[in-house]
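Each chain, letter by letter, is given below.
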Amino acid sequence: MKPHYMITTPIYYVNGAPHVGHAYTSIAADVLARFKRLDGYDVFFLTGTDEHGQKVEQAAQDKGETAQNFATMVSAQFRNMADKLNVSYNDFIRTTEVRHIKSCQDLWKKIADAGHIYLGAYEGWYSLRDECYYGEDELTTTPDGRKIAPTGAEVKWLKEPSYFFKLSAWQDKLLEFYEKHPQFIGPESRKNEIVSFIKSGLRDLSISRTSFKWGVPVPGDDDHVMYVWFDALTNYISALGYPSIESSDLWRFWPADLHLVGKEIARFHALYWPAFLMAADLEPPKRIYSHGWWTVEGEKMSKSVGNVIEPLKLVEEFGLDPVRFFLLREVPFGGDGDYSRQSLINRMNSELANDLGNLAQRTLSQVMRNCGGQLPEIGQRNQDDEALLSKAILLPALLREQMDRQALHESLETVWKIIRASNAYIDQQAPWALKKTDPERMAVVLRVLVDTLRIIATCLQPFMPDSMDKLLNQLGVSETERQLADLEVAMPAGRELPAPSGIFPRFVEAE
Ligand code: MSP
């Protein structure tokens, strides 16, 4: 039996088209999912769209569409983005699906039956944009008297009857839970923020709305629809067949191993979600990891500034794998990052075309020319050879540890260290010069390089699946030998290698 692993992205709001921020989370989650598969895990990778709420209702109205049609249209754009980005999701959930609605209503009933929900009235400062209420102390006032949330969104005073979740009763239990599960929230800085937020006192949470209709009806009270976050968070279990936990084959994936989210929604995941689950007597997920935000040439990405980066346009211009690589290489995962066209081009040219592309091309063209296109024997290795190979073979173990901390940038740097060492090795050994003086030694050197490239390409598959597929083909690695565990078995000498062709072209700016 394979060990299993469940990973999720946030489900994206359908009130606007996908941009590079959404692409970022999905690509990062994809890399983690692919890495686990590469490492022999049975993976369930979930993504989808969050389709209810007042913002969607309004966006649909503005376009003269029904909310349902509008949601279907935008959801398809998100799904298309995932497909075009090679995001290997196992399921794409939509919160307007019947399976999800039933699941939300069941979870609600279970929590209500256990006495954790009551009917009250809510009034407070509500932000339509953020879909949440803010406390007076969190707001700032503009010179013309408007109240502004910490996110920059405007808030309005709203009063409505509402069901409440007794969040205040969970304060100590949540803190205890974090103590017992020190890995629950990452990175550490975010954990500290959430802990101090809880310690400052939790208020009960309003979890229903009467001011609009586009949502999941509260069971037994049709005047109310569920608060969009109660609805949205439930997607993680409705996709697994909740409440049919006895009969659903997918329920074995719960608790999820990782909910990957952006930093602005860490609180919803690390605080509300485990409280809802514990109130329903279900296990909380194992870990919430939140990454930072992208700005564009130093500015916040926004429609009004006109600097929104569309992921599919980037892919069209630069190719998919360079974009995937750039997003994860440029910024330490967990921190904020800034997109600039020039830094993408620099990464492409220096690290993909020069460092890795040339290494592969130089090695493989020599094997083709000087070894008859056949994989050379391992032969007699010397200290220099062993020095390089012994470092390369450590990659899987190093990556495993880094990926479990979601340190994706560290993994890329670890692989690039080996790429740089391989380039130094090839320059120093100069196999092209050995061709005449010592052909046997030349063959050993080229085989060391092929073996090192095989380790590099195997480990980079999650980041750049298409390009590494090409490279592994050129290295003579068959499709059944591409798991991390396969690296323990040497490839037999004499394999015919196909003619090499460049994997990463240099990007030249059009005049
Ligand atoms: N629907 C909620 C999530 C519910 S999950 C149960 C939501 N949707 S969203 O469409 O606003 O997507 C937010 C997520 O998109 C962020 O958490 C982050 O993963 C990603 N990003 C959106 N903009 C981003 C940047 N500028 N930079 C990086 N990631 C960003 O919130």
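Residues numbered from 1 in each chain as written. Predicted model: local features only at pLDDT ≥ 70, side-chain atom pairs only at ≥ 80, totals over all residues. Heavy atoms only, no water.

Now for the sheet that holds strand β19 (residues 337-339). In spatial order, the strands read β18-β17-β19; together these three strands make up an open sheet with mixed pairing. Of all strands in the sheet, those bounded by a partner on one side alone are β18 (299-300) and β19. (Pairing = 2+ DSSP bridges. Helix = DSSP H or I, 4+ residues; strand = E, 2+ residues; numbered from the N terminus.)

Once that is clear, we can look at the site of the ligand. Lining the immediate environment of the ligand, one finds 23 residues, of which I11, T25, D50, E264 and W294 sit closest. In this structure, D50 approaches the ligand through a side-chain N or O atom, which is 2.7 Å from a nitrogen atom. W294 places a polar main-chain atom, nitrogen or oxygen, 2.9 Å from a nitrogen atom of the ligand. If the ligand stood free it would expose 660 Å²; the protein chains cover 94% of that surface. Among the residues forming the shell around the ligand, the class breakdown is 12 nonpolar, nine polar and two charged. (Near = heavy atom within 4 Å. Polar contact = N/O pair within 3.5 Å; in protein donor to acceptor, adjacent residues only side chain to side chain. Areas by Shrake-Rupley, 256 points an atom, 1.4 Å probe, with all protein chains shown as cover. Nonpolar A, V, L, I, M, F, W, Y, C, P; charged D, E, K, R; others polar.)

Mapped onto the fold, K191 is located in helix α6 (residues 188-199). Buried and unpaired, K191 has E188 as its nearest opposite-charge partner, separated by 4.2 Å. Reaching out from K191, the side chain makes a polar contact with the backbone oxygen of P182 at a distance of 3.2 Å. Residues within four places of K191 in sequence aside, it is in contact with Y178, P182 and I185. (Buried < 20%, exposed > 50% of the residue type's maximum accessible area, 1.4 Å probe, protein only. Lys, Arg positive; Asp, Glu negative; His and termini not counted. Salt bridge = Lys/Arg side-chain N within 4 Å of Asp/Glu carboxyl O. Contact = heavy atoms within 4.5 Å.)

The next thing to look at is the layout of surface pockets. One way to see where empty space is left: roll a probe the size of a water molecule over the atoms. Estimated volume of the second largest pocket: approximately 230 Å³. Together, 13 residues line the second largest pocket, and I393, D451, I455, L487 and A490 are the ones closest to its centre. If you tally residues by element for the lining of the second largest pocket, the top one is helix α17 (residues 439-460), at four residues. Considering only residue class, the lining of the second largest pocket consists of eight nonpolar, no polar and five charged. (1 Å grid on protein atoms, 1.4 Å probe; cavity = no way out; pocket = protein on both sides within 12 Å on 5 of 7 lines; lining within 4 Å. Points joined across faces, edges and corners; volume = space filled by probe spheres on them.)

This part covers unusual backbone geometry. Generally, phi is negative for residues other than glycine and the peptide bonds are trans, each holding for most cases. For the bond from Y242 to P243, the omega torsion is 10°, close enough to zero to count as cis. Tracing the sequence through the fold places P243 in the loop between α8 (235-238) and β15 (258-262). Backbone torsion omega between W254 and P255 reads 0°, so that peptide bond is classified as cis. Within the chain, E297 stands out as a residue other than glycine whose phi angle is a positive 45°. Here E297 shows up in the loop between β17 (294-296) and β18. A relative accessible area of 52% places E297 in the exposed class.

Looking at the secondary structure, you find A114 in the loop between α4 (98-113) and β5 (117-127). Taking the C-alpha atoms as reference, A114 lies 7.3 Å from A279; in sequence the two are 165 residues apart.

Here we come to the packing of aromatic side chains. Under the definition given, this model contains 29 aromatic pairs. Ring centres 3.8 Å apart and planes at 55° place the aromatic pair Y122 and Y133 in the tilted group. Residue Y122 is located in strand β5, and its partner Y133 is located in strand β6 (residues 132-134); the two are separated by 11 residues in the primary sequence. With a relative accessible area of 13%, Y133 lands in the buried category. Note on F318 and F507: the rings are 4.8 Å apart at their centroids and 45° apart in plane angle, and the pair reads as tilted. Of the two residues, F318 is situated in helix α10 (residues 311-318) and F507 in the segment after α18 (465-474); the sequence distance between them amounts to 189 residues. Judged by its relative accessible area of 14%, F507 is buried. A connected cluster of aromatic rings, assembled from ring pairs, spans W108, Y163, F165, W229, F230, F268, Y272 and F276. Positioned over the ring face of W170 is K173, at 4.5 Å from the centre of the ring. Stacked on the ring of F197, the Lys or Arg R267 has its end atom at 3.6 Å from the ring centre. (Phe/Tyr/Trp six-rings, centres within 6.5 Å; stacked < 30°, edge-to-face > 60°. Lys NZ or Arg CZ within 6 Å of the ring centre and 35° of its normal.)

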